[in-house]
Amino acid sequence: MKGKCIICNCEFVQLPLMNLNNMVASAQNIPSEDEIANDHGIHLELYQCKYCGLVQFDCEPVNYYKKVIRAGGGSSTMINLRREQYADFIDKFNLSEKKILEVGCGQGEFLSILTEFNVEASGIEYSQVLVEKAKKRV
């Protein structure tokens, strides 16, 4: 627990927005049969930054956070949902003809949808393998 925003390094609003007890510690690296006895849930506190307003958990990320691969990114349901969300986002914040950056764009699944709109869409990704896949997709 660091108590500061991951974006601007300012303090959080004093009380957490939400407390989540006994949560699964990670979505990958499932414990083996031998490890399961020592596995336990974690406590998560969701905070908002006083300065920039970012909502975030006050904990260290999982050790594989730079190498996460999305599941379900290419389903028709998810694609249609993203189209609706992007249309609302672009309209609400008057982003037509503006630049939008997707941080952690993976294979470019959602970035390719964003390019359908009247914005200059770009993405960055840690994994070079995923960068190459995203370049082919977008």
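Above this text is the structure in question.
Residues numbered from 1 in each chain as written. Predicted model: local features only at pLDDT ≥ 70, side-chain atom pairs only at ≥ 80, totals over all residues. Heavy atoms only, no water.

## With respect to the nonpolar core
Then comes step 1: If you look at the biggest cluster of nonpolar residues, it comprises 10 residues: Tyr86, Ile90, Leu95, Ile100, Cys105, Phe110, Leu111, Ile113, Leu114 and Val119.
Then comes step 2: At the level of secondary structure, the elements contributing two or more residues to this core comprise helix H1 (76–92) and helix H2 (109–114).
Then comes step 3: Setting aside residues up to four positions removed in sequence, Ile90 forms contacts with Leu95, Ser96, Ile100, Leu114, Phe117 and Val119. (Core = buried A, V, L, I, M, F, W, Y, C linked by side-chain atoms within 4.5 Å. Buried < 20%, exposed > 50% of the residue type's maximum accessible area, 1.4 Å probe, protein only. Helix = DSSP H or I, 4+ residues; strand = E, 2+ residues; numbered from the N terminus. Contact = heavy atoms within 4.5 Å.)

## Things to note about a nonpolar patch on the surface
Then comes step 1: Where nonpolar side chains cluster on the molecular surface, the patch consists of Leu17, Met18 and Val55 and spans about 260 Å² of accessible area.
Then comes step 2: Checked against the element boundaries, Leu17 lands in the segment before strand E1 (18–23). (Patch = residues over 30% accessible without salt bridge, like charges linked within 9 Å, V, L, I, M, F, W, Y side chains within 5 Å. Areas by Shrake-Rupley, 256 points an atom, 1.4 Å probe, with all protein chains shown as cover. Salt bridge = Lys/Arg side-chain N within 4 Å of Asp/Glu carboxyl O.)

## Regarding the environment of Ala121
Then comes step 1: Positionally, Ala121 belongs in strand E5 (residues 120–124).
Then comes step 2: Taking C-alpha positions, Ala121 is 37 Å from Asn21, a pair spaced 100 residues apart along the chain.
Then comes step 3: Once residues within four sequence positions are removed from consideration, Ala121 is found in contact with Ile100, Leu111, Leu114 and Thr115.

Any functional reading would require information that these geometric values do not contain.
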